[in-house]
Amino acid sequence: MAIDGRAAVEPLLGFVDALPAAAAGASGPAPTLHLLTFALDREEFGIPITQVREVIRVNGITRVPQVPAHVRGVTNLRGRILAVVELRTRLGLVEGPVTAASRIVVVELRGRTLGLLVDRVSQVTKVPVDSVAPPPEEVVTAETDFLTGVARWDSRLIMLLDLDKVLLLNA
Amino acid sequence: MKAGENPFGDLLQDYIVESLPLAEQVGDAFVELERRWRAGDPGDQVLASVTGSLHTIKGNSAMMGLTPMRDVAHALEDLCGYLARAGASRGDEAAALLVTGGGLLVDLIGSASADTEPGAADQFMARVLGFLGVAPEASAAGPDRRQAERRTQPRAGDTEAASVVRVDFRRLDAMLEVLGEGIIQHSALAELYRRLLRRVGACEELGELDQTVLSLQKTLSRLESTLMETRLLPVSTVFGRFPRMVRDVAHAEGKRVRLEVTGGDTSLDKAVLDRLGEPLLHLLSNAVAHGLELPGDRVRAGKPAEGLLRLQAAAVSGRVAIRVSDDGRGLDQTAIRAKAEALGVDTRAADTAQLHQLVFVAGLSTADRVTTLAGRGMGLDVAANVIHALGGTIEVESRPGQGSAFTLSLPVTLAIVRSLIVEVDRERYAVPLSHVAETVRAEPETIRQINNQGVTQWRGDLIHVADAGAVLGTGKPCEAPRPFYVVMTAGARRRGLLVDRLIGHQDIVVKGLDPALGRPAVVSGTTILGDGRVACILDVVRILEGAAHGN
């Protein structure tokens, strides 16, 4: 399952910053965010599809000794070695098993390609920009540091991940 | 021509590629000449050997409009022409002028552009003219002599040029990448054949498939060796800059040194060579600055005033050995011990060899004073790290009063490594065969526990045997005893590594470690196996080192 990340979409980095501007120009169709959404435990997360190169099935992840805790290992992506990040532990959840639904979301960020291990990939979702709110301040967990905002839409709660922070590796 | 208006920009690289080695030869010859003159040898052949190169450099530089280089080459030609005449004064002044000029020529060409330091070139020409001014008849003889050379000396390399093409090294890397994929696909085919054989049993078609897979392997390994050969360069391409640098260090330190280079035609992968210059330079400078004594001290110790520094390269059983040795004072064991104790290392039980190994530990430089060298370059620990990163080893031997020798053992290439594949806790690992002495079936009764460490007899020696799970940090306690151990070696160090399965030997294509993985101490890289799985390549040198420090 490959997703064309280069479709014409809204630029998404820093969606929250864009909110006031979007609210002011409320004429015409509301601007939307194109998100790839995926699940970790029962929570749904979203990242801008502009950052996604493809989504692949998990076909063997080799553990590498003595690597940072949030690195699950490496996998073979058509002859290239792809480092796979354990998104669950990175976000403060416990490590989970790889199941038939597990996927690796291959992201491209600042010229680097990395894999994110997720429990399952939902779909590409269009979310109106005005449904996004800043992360609730009263809830402070390990994961809120990594959020740029929360989208409440269509009776779903999608947490928007700031990949820059999530993948600021070894920082 | 004005600076920056060079119309031959595309040709500049060609100019450097052709002229720089010539200039380095000339520079080396002048260093040698200076040494011989001091020893009372007229060195006529050496002087004669540079005229062709100087002439070519002058011509090339003139064609490119690189006036400073042309002028320096011209001035050197005149100087050599004068010095070649009988009765010319071949003293220190002439020698210093030649060496300076040779160095200047290398520097100018190395950073080739028309506007590099015209001042330095002008200054040098003024010095040459000043020197020749004492003997004005030289300039009259000069032009005739040069024209005679032009007629009689064919340009070196003219005959070979037609069959040689210049290729960007990145293309060779790209080809290697493709070959790597081919090797992986071959392993996949071979695996598929074995599975088919198990499922349908032997038949004629499968026999043919087996043959085809086998000949594919032969084709690939021919392709590999051909490609590897194209990547190889003689070590002399790196050694070339050493004579002048050694000479410079010796002058700065007030030492007299003869550098003897052998085995310059030994070949190494360019990727290895590119990273070898710095550590070698460090070892050589170190030998001159700290190893060799001042001439007076040497004579008092009954040695020749001139120190001997040897740089030797040779191919040894599939690897390349490079040795830097001197006949100086040897490592100062007392100083090493004192420094080590100051750093909190207990050296009471250390024997001489262990003490010597400590020179590779960070912060343990035994230089008791800061020299011009100490500021630049790297420490011995950094040099050792570079060698290790290349999959090499470095050893030191030393005898008080007789000198020291550093021996490097390096893989010929970094790209494809013959390895033993083993399985530990259901993951596969590659162990480079150059570090595997033997694989042994681990009979529980032959391994004894001493101080919580497994110890066994191996070829008459006692060696430690460690569980791979513990070494790699992947093992869970209370696993069944592993049935095999691999005896790993690096230099003088050995250790058994207990593993679950021995899978077999395989050529693996080395792939790097993603920066996201940090810098694991036990893994040097990754590779893709025939079944598409990724395996980590064990960094044997660092594993054995870690074990030694752990002890």
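Since the model is a prediction, treat every value here as computed from it, not as a measurement.

Enquirer: Just to check I follow, could you spell out the overall build of chain A for this structure?
Expert: Helix and strand counts for chain A come out as three helices and 11 strands. When the helices and strands of chain A are placed in sequence order, the string is α-β-β-β-β-β-α-β-β-β-β-β-β-α. When burial is assessed residue by residue, chain A has 37% of its 171 residues classed as buried. When contacts within chain A are restricted to residue pairs at least 6 apart in sequence, long-range pairs at least 24 apart make up 59% of them.

Enquirer: I'm lost on the interface of chain B and chain A in this one. Help?
Expert: Interfaces are often sized by the amount of accessible area the parts lose when they come together. Taken residue by residue, the interface counts 21 residues in chain B and 18 residues in chain A. Within the residue set of the side of chain B that touches chain A, elements represented by two or more residues are β17 (523-528) and β18 (534-538) of chain B. Of the residues assigned to the side of chain B that touches chain A, the class counts are 11 nonpolar, five polar and five charged.

Enquirer: Which parts of the structure should I look at to understand the packing of helix α4 (residues 67-83) of chain B against helix α5 (residues 92-110) of chain B?
Expert: Between two packed helices, what matters for the description is the angle formed by their axes and the separation of those axes. All names here are of chain B. Where α4 meets α5, the closest approach of the two axes is 10 Å, and the angle between their N-to-C directions is 155°. Overall, the two elements α4 and α5 adopt an arrangement that is roughly antiparallel. The chirality of how α4 crosses α5 is left-handed. Across from Pro68, Met69, Val72, Ala73, Ala75, Leu76, Leu79 and Leu83 in α4, the residues of α5 making contact are Ala94, Leu97, Leu98, Gly101, Leu104, Leu105, Leu108 and Ile109. The residue makeup of the contact of α4 with α5, split by class, is 15 nonpolar, one polar and no charged.

Enquirer: What exactly am I supposed to notice about the confidence of the model for chain A here?
Expert: In low-pLDDT regions, the fine details of the predicted coordinates are not to be read closely. With 76% of its residues at a pLDDT of at least 70, chain A reaches an overall mean of 79. Summarising per-element confidence for chain A, the mean pLDDT is lowest in helix α1 (residues 15-24) of chain A (43) and highest in strand β6 (residues 103-109) of chain A (93).

Enquirer: Help me understand the nonpolar core, please; the structure alone is not making it clear to me.
Expert: Most often, soluble globular proteins keep nonpolar side chains buried together rather than apart. Residue and element names in this part refer to chain B. Of all hydrophobic cores here, the largest spans 129 residues; its most connected members are Leu284 and Leu538. The element contributing the most residues to this core is helix α13 (residues 277-291), with six residues. Those residues in contact with Leu284 that lie beyond four places of it in its chain are Phe242, Val246, Leu309, Leu311 and Val324. Among the nonpolar cores identified, the runner-up in size contains 37 residues, and Tyr15, Ala73, Leu79 and Val106 belong to it.

Enquirer: Help me out: how do you make sense of helix α18 (residues 380-389) of chain B in this one?
Expert: Structurally, the α-helix is built with 3.6 residues per turn, so residues lying three or four positions apart point the same way. All names here are of chain B. Along α18, the residues that are buried comprise Leu380, Ala383, Ala384 and Ile387. Each buried residue of α18 sits inside an arc of 100° when the element is viewed along its axis, so together they form one side. Its buried side turned inward, α18 meets α13, β6 (393-399) and β7 (403-411). Phi for Gly391, located one or two positions after α18, is positive at around 80°.

Enquirer: Would you mind going over the sheet that holds strand β15 (residues 493-499) of chain B with me for this structure?
Expert: Strand pairing in a sheet relies on backbone hydrogen bonds, with the paired strands running either antiparallel or parallel. Residues and elements named next belong to chain B. Spatially, β10-β14-β15-β13-β12-β11 is the arrangement adopted by the six strands of the open sheet, whose pairing is mixed. The open sheet is flanked by β10 (436-441) and β11 (447-450), the only strands paired with a single partner. With strand direction ignored, the average angle separating the axes of adjacent strands in the sheet is 35°.

Enquirer: Would you explain the packing of helix α8 (residues 169-200) of chain B against helix α9 (residues 204-231) of chain B in this entry?
Expert: All names here are of chain B. Here α8 crosses α9 at 160°, and the two axes come no closer than 10 Å. The angle between the axes of α8 and α9 places the two elements in the roughly antiparallel class. Seen from above, α8 lies across α9 with left-handed handedness. Where α8 abuts α9, its residues Leu172, Met175, Leu176, Leu179, Gly182, Ile183, His186, Leu189, Ala190, Tyr193, Leu196 and Leu197 lie against Leu206, Leu209, Asp210, Val213, Leu216, Gln217, Leu220, Leu223, Glu224, Leu227, Thr230 and Arg231. Its residues assigned to classes, the contact of α8 with α9 comprises 17 nonpolar, four polar and three charged.

Enquirer: Help me out: how do you make sense of the sheet that holds strand β5 (residues 80-86) of chain A in this one?
Expert: Residue and element names in this part refer to chain A. With mixed pairing, the five strands of this open sheet are ordered in space as β3-β6-β7-β5-β4. With one partner strand each, in any of the chains shown, β3 (52-57) and β4 (71-77) form the two edges of the open sheet. Taking the axes of each pair of neighbouring strands and ignoring which way they run, one obtains an average angle of 30° across the sheet. Where β3 and β6 come together, five bridges link them in antiparallel fashion. Residue pairing in the sheet places Val55 in a bridge with Val105 of β6.

Calculation criteria
Residues numbered from 1 in each chain as written. Chains lettered and ligands numbered in written order. Predicted model: local features only at pLDDT ≥ 70, side-chain atom pairs only at ≥ 80, totals over all residues. Helix = DSSP H or I, 4+ residues; strand = E, 2+ residues; numbered from the N terminus. Buried ≥ 20, exposed ≤ 12 C-beta atoms within 10 Å, placed from the backbone. Contact = placed C-beta atoms within 7 Å. Nonpolar A, V, L, I, M, F, W, Y, C, P; charged D, E, K, R; others polar. Axes fitted to C-alpha atoms, helices over the stretch in contact; angles between N-to-C directions. Parallel < 35°, antiparallel > 145°, perpendicular 65-115°, else oblique. Left-handed = near helix turned anticlockwise from the far one by under 90°. pLDDT = per-residue confidence, 0-100. Core = buried A, V, L, I, M, F, W, Y, C linked by C-beta atoms within 7 Å. Arc of directions from axis to C-beta. Pairing = 2+ DSSP bridges.

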